[in-house]
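# Structure at a glance
So the chains spell out like this:
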Amino acid sequence: MNLTFLLVSCLILLISAKEDVHEFTHIVDMANAIKNLLDEDTTSYKITWDASLALYASERVDTCPVEVSKGEMFVKSEDVLNLSLNLNSTDSFSLDPLPTIAIFRNNAARIHLDIGSRIGCAFKNCSSGNDLFCVFDSRKDAQNRLERQVCVKDLVFPNLCEEKPVDFWRMEQPEFQWNMMQWNEMRRALAKEFSVSGMYQLTWSEEAVRFAHLLGSQCDPICTGTHFHMHPRDLEPLAALWIITHEELDGSKIFGNSTMEMFAPQRKEFGCVPLDPSICKDYSFICVLGPDW
């Protein structure tokens, strides 16, 4: 099976998601403002927009009705607006053990705040009065994922830690290599989802590492005949694995334009190196794949 046909382009969806980001900014800002008020003296993370979760949300509400699962919610735009207008008079109470709900004016509006650090939403009116559908990670998920990061307080929301992209450059070699080997997990998921035969497990190659050092020194190499992937230097998309294994969404649009190389079934060996952010600001690491370098 040709892997190229497994990941069908969804450029229209992606363009729409980018255009809609500013439409949802008030939701993200409001959730952060309330978390900032309620989560003083806790390790709590600033919520950021995740385009992959927005794509996931748009697929979930493609048809109605929608049975809401863990990490999903419907939101009333009116509640968000009311909260924004009355934020300074907001009363709150805590649940198990961190605050999860903010209330004002005798329960006139409430917003669910068991949100870790990411959210993505889509417009949909699947139930009376609810016009947004949002997908998010929980506080527990964010804590588990980010517990090794040093908390850097956000400038706008000083009680919240700002999630930073993974700093591959400062990792020790064993930790970096372990992170790179996780590509095999996604290769397995892809092979299982689409019954791809002949999907090899990648093994580490020092020869590939030498090639990666050479290409990485150019930061944005154009090298025909060499199979490589340069990874964008930004937050990892939480819904990336779902997107990659979904027949109507193109994972390369999330991971970068050379992602196909990481999932080509015939690749058997690879080697990666982190890239110096002072030299290569747009990419965090480069991988070269073989055996036909």
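Every value quoted in this text rests on a predicted model; they were computed, and no experiment measured them. (Residues numbered from 1 in each chain as written. Predicted model: local features only at pLDDT ≥ 70, side-chain atom pairs only at ≥ 80, totals over all residues. Heavy atoms only, no water.)

## Regarding the side chain of Ser-52
- Examined against the element boundaries, Ser-52 turns out to sit in helix α2 (residues 51-60).
- A polar contact of 3.4 Å, which involves the side chain of Ser-52, links it to the backbone nitrogen of Leu-238. (Helix = DSSP H or I, 4+ residues; strand = E, 2+ residues; numbered from the N terminus. Polar contact = N/O pair within 3.5 Å; in protein donor to acceptor, adjacent residues only side chain to side chain.)

## Brief notes about the sheet that holds strand β9 (residues 227-232)
- Strand order in the open sheet made by the 4 strands is β8-β10-β11-β9, with mixed pairing throughout. This sheet does not close on itself; its edge strands, each paired only once, are β8 (203-204) and β9.
- Of the pairings in the sheet, the one linking strand β10 (residues 269-274) to strand β11 (residues 283-290) comprises 6 bridges and is antiparallel in character. Residue pairing across strands places Val-273 opposite Ile-286, the latter belonging to β11.
- Most of the contacts of helix α7 (residues 206-216) go to β10, to which it runs at about 45°, and overall it touches β8, β9, β10 and β11. (Pairing = 2+ DSSP bridges. Contact = heavy atoms within 4.5 Å. Axes fitted to C-alpha atoms, helices over the stretch in contact; angles between N-to-C directions.)

## Things to note about the layout of surface pockets
- Counted as a void, the largest pocket has a volume near 1,100 Å³.
- What lines the largest pocket is a set of 33 residues, and nearest its centre among them are Arg-145, Val-166, Phe-168, Asn-179 and Glu-236.
- Residue contributions to the lining of the largest pocket peak at 4 residues, all from helix α5 (residues 173-181).
- Per-class residue counts for the lining of the largest pocket are 18 nonpolar, 5 polar and 10 charged.
- Mapped onto the domain boundaries, the lining of the largest pocket takes at least three residues apiece from domain 1 (15-162) and domain 2 (168-290). (1 Å grid on protein atoms, 1.4 Å probe; cavity = no way out; pocket = protein on both sides within 12 Å on 5 of 7 lines; lining within 4 Å. Points joined across faces, edges and corners; volume = space filled by probe spheres on them. Nonpolar A, V, L, I, M, F, W, Y, C, P; charged D, E, K, R; others polar. Domains from an automatic or database assignment.)

## A word on the packing of α5 against helix α6 (residues 183-194)
- Where α5 contacts α6, the axes come no closer than 4 Å and their chain directions differ by 5°. Of the possible angle classes, the one that applies to α5 and α6 is roughly parallel. Along its contact with α5, which presents Asn-179, Met-180 and Met-181, the element α6 presents Trp-183, Asn-184 and Glu-185.
- Its residues placed into classes, the contact of α5 with α6 shows 3 nonpolar, 2 polar and 1 charged. (Parallel < 35°, antiparallel > 145°, perpendicular 65-115°, else oblique.)

## Topic: the state of the cysteines
- All told, the structure shown has 4 disulfides when counted by the stated rule.
- Across a sulfur-sulfur distance of 1.9 Å, Cys-151 and Cys-161 are joined as a disulfide pair. Because the torsion about its S-S bond is -90°, the bridge between Cys-151 and Cys-161 counts as left-handed. A residue pair is termed long-range when its members are at least 10 positions apart, and Cys-151 in the loop between α4 (139-146) and α5 and Cys-161 in the loop between α4 and α5 qualify at 10 residues.
- Here Cys-219 is linked by a disulfide to Cys-280, with a sulfur-sulfur distance of 2.3 Å. Across the S-S bond linking Cys-219 and Cys-280, the dihedral sits near 85°, which makes this disulfide right-handed. (Disulfide = S-S within 2.5 Å.)

## Observations concerning the nonpolar core
- Among the nonpolar cores identified, the biggest contains 34 residues, and Phe-176, Met-180, Phe-270 and Ile-286 are the most heavily contacted of them.
- Counting only elements with at least two residues in this core, the list comes to α5, α6, α7, β9, α10 (260-263), β10 and β11.
- Contact partners of Phe-176, with chain neighbours within four places excluded, come to Phe-168, Met-171, Trp-204, Cys-272, Val-273, Pro-274 and Phe-285. (Core = buried A, V, L, I, M, F, W, Y, C linked by side-chain atoms within 4.5 Å. Buried < 20%, exposed > 50% of the residue type's maximum accessible area, 1.4 Å probe, protein only.)

## Some remarks on the packing of aromatic side chains
- Counted by the stated rule, this structure contains 8 aromatic pairs.
- Ring plane angle 75° and centroid distance 5.0 Å describe the contact between Phe-168 and Phe-285, whose orientation is recorded as edge-to-face. A residue pair is termed long-range when its members are at least 10 positions apart, and Phe-168 in the loop between α4 and α5 and Phe-285 in strand β11 qualify at 117 residues. In terms of burial, Phe-168 and Phe-285 fall into one category: buried.
- By the ring-pair criterion, three or more aromatic residues cluster together here, those being Phe-24, Trp-49 and Phe-123.
- Sitting above the plane of the Tyr-200 ring, Lys-268 keeps its charged end 4.6 Å from the centroid. (Phe/Tyr/Trp six-rings, centres within 6.5 Å; stacked < 30°, edge-to-face > 60°. Lys NZ or Arg CZ within 6 Å of the ring centre and 35° of its normal.)

## Notes on the environment of Ser-77
- Position of Ser-77 relative to the elements: it lies in helix α3 (residues 77-85).
- Considering only alpha carbons, one finds Ser-77 and Phe-24, 53 residues apart in sequence, at a separation of 9.8 Å.
- When near neighbours in sequence (up to four residues on either side) are disregarded, Ser-77 contacts Asp-131 and Leu-132.

## Comments concerning the confidence of the model for the protein chain
- Here the protein chain averages 79 in pLDDT, and 74% of its residues register 70 or above.
- The low-confidence segment residues 1-19 (pLDDT under 50) makes 37 contacts with residues lying over four places distant or belonging to another chain.
- Predicted confidence for residues 93-100 stays below pLDDT 50, and this span has 17 contacts to residues more than four positions away or in other chains. (pLDDT = per-residue confidence, 0-100.)

## Considerations on the side chain of Asp-154
- Turning to its location among the elements, Asp-154 is positioned in the loop between α4 and α5.
- In this structure the side chain of Asp-154 is engaged in a polar contact, spanning 3.0 Å, whose partner is the backbone nitrogen of Val-156.
- A distance of 2.9 Å separates the side chain of Asp-154 from the backbone nitrogen of Phe-157, its partner in a polar contact.
- Setting aside chain neighbours within four positions, we find Asp-154 in contact with Lys-46, Leu-160 and Glu-162.

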